[in-house]
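Chain by chain, the residues run as shown.
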Amino acid sequence: MAPEGEPAATDPVPAVRSIRDVPGGGPTVLRIVLGQQLRALRERAGVTREAAGHRIRGSHAKISRLENGRTGFKERDVADLLSLYGVHDADERAQMFALTLRANAPGWWHRYSDLLPPWFETYVGLEQAAAQIRTYEPQFVPGLLQTEAMVRHVTALGHGSMSDEELERRVELRLRRQRVLDAEDPPTLWAVIDEAALRRLTGGAGVMRAQVDHLLEVSDRRHVVVQMVPFHLGGHAGAGGPFSILRFARESEVPDVVYLEQLTSALYLDKRSDVDDYLATMELLCVQALPPHATRDALVALRDDLGE
């Protein structure tokens, strides 16, 4: 690969993959695939982000967002970039334009865009397309496993000044996200939950008892694994806070993503070294936590403690 700003002397421009070879998974994943292909073409052509940004009347930051799949694509911008990168074949350009159209199609969550900050809208799209979701939660039951009553209570905690209508739409959104576990080909969900999240009477004893019953029910599914990190373990690998790791189908060419949510923003890590660090932490956490069968026993005991 030529250094930034220097043209590649002999390397040919890589062929654009056929749109038939690009898997589904929703617009978020397709944006990432399209961004990766444009980045490969730019780097092979020896074009800097600054030069690419100037070509589409933008900045290097806009090119970075496009290449990372964090924003939608305008067909005019894609056309200008392909010309800059030396892609002139009509069939190849048509394939890229078709992929652009698919990547710009709104997902089902688009109708909730007034509720979703951009940094979380990206996560919803990734979550719906993931083949595997591994998550550690120290405070609450993971959102994909919450009962409706728990969703309602947790949502009210986080948005105390909202109207009744907004509350209902936020609850509806969370429950709609959960449908991914009922899909024909659902992702594997591996949830590691701190005992504190299960002992805290979020919503009261009745809500928590129903929540524990729900965890027992969903953990019977072959694609859902639930582990509890018990108090008696003391310090453990997940002490740094909650995180999720999303993995996608191998043929999708989408890298693993670590998601770290903050109060008003989120971090998305896809650098291989960062992902490997979090994968190692998750593996250690799973070893330290109660195994799934012992977790079920602990959940049954906890439900009994909560009474009838």
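### Some thoughts on the environment of V258
- Its place among the elements puts V258 in strand β5 (residues 257-261).
- The sequence separation of V258 and D80 amounts to 178 residues, and the corresponding C-alpha distance is 32 Å.
- Not counting chain neighbours up to four residues away, the residues in contact with V258 comprise S244, I245, L267, Y268, L269, V275 and Y278.

### A few points about the packing of aromatic side chains
- Evaluated as defined, the whole model comprises eight aromatic pairs.
- Ring centres of W108 and W109 lie 5.6 Å apart, and the angle between their planes is 85°; this geometry places the pair in the edge-to-face category. Considered together, W108 and W109 belong to a single accessibility category, that of buried residues.
- Centre to centre, the rings of F120 and Y123 are 5.8 Å apart; their planes meet at 25°, and the pair counts as stacked. Taken together, the positions of F120 and Y123, both in helix α6 (residues 118-129) and three residues apart, correspond to about one turn of that helix. For the pair shown, F120 and Y123 are each scored as buried.
- Counting every residue linked through ring pairs, the aromatic cluster contains W119, F120, Y123, Y259 and Y268.
- The ring of W190 carries the charged tip of R134 above its face, separated from the ring centre by 4.7 Å.

### Some details on the sheet that holds strand β3 (residues 224-229)
- Reading across the sheet, the six strands line up as β3-β2-β1-β4-β5-β6 and stay open at both edges, with mixed pairing between neighbours. Each edge of the open sheet is held by one strand with a lone partner, namely β3 and β6 (266-269). Each adjacent strand pair in this sheet contributes to an overall mean axis angle of 15°, direction not counted.
- When strand β2 (residues 188-194) meets β3, the two strands line up parallel, connected through six bridges. Residue pairing in the sheet places L189 in a bridge with V224 of β3.

### Section: unusual backbone geometry
- At R57, a residue that is not glycine, the phi angle is positive and equals roughly 60°.
- Within the secondary structure, R57 is located in the loop between α2 (49-55) and α3 (60-67).

### So, the pairing of β6
- Pairing geometry for β5 and β6, over four bridges, is antiparallel. Bridge pairing in β6 links V258 to L269.
- If you look at the hairpin formed by β5 and β6, you'll find four residues sitting between the two strands.

### Structural notes on the pattern of salt bridges
- Under the defined criterion, the tally for this structure stands at 19 salt bridges.
- Close ionic contact of D114 with R169 constitutes a salt bridge, the shortest N to O distance being 2.7 Å. In this pair, D114 sits in the loop between α5 (90-103) and α6 while R169 sits in helix α8 (residues 164-178), placing the two residues 55 residues apart along the sequence.
- Note on D114: relative accessible area 55%, which makes it exposed.
- Overall, R169 belongs to the partly exposed group, its relative accessible area being 24%.
- Between D182 and R221 there is a salt bridge; the shortest N-O distance is 3.0 Å. Taken together, the residues D182 in the loop between α8 and β2 and R221 in the loop between α10 (205-218) and β3 connect sequence positions 39 residues apart.
- In this structure, a network of salt bridges that share partners links the residues R57, K62, D77 and D80.

Each value, and the rule that gives it
Residues numbered from 1 in each chain as written. Predicted model: local features only at pLDDT ≥ 70, side-chain atom pairs only at ≥ 80, totals over all residues. Heavy atoms only, no water. Helix = DSSP H or I, 4+ residues; strand = E, 2+ residues; numbered from the N terminus. Contact = heavy atoms within 4.5 Å. Phe/Tyr/Trp six-rings, centres within 6.5 Å; stacked < 30°, edge-to-face > 60°. Buried < 20%, exposed > 50% of the residue type's maximum accessible area, 1.4 Å probe, protein only. Lys NZ or Arg CZ within 6 Å of the ring centre and 35° of its normal. Pairing = 2+ DSSP bridges. Axes fitted to C-alpha atoms, helices over the stretch in contact; angles between N-to-C directions. Salt bridge = Lys/Arg side-chain N within 4 Å of Asp/Glu carboxyl O.

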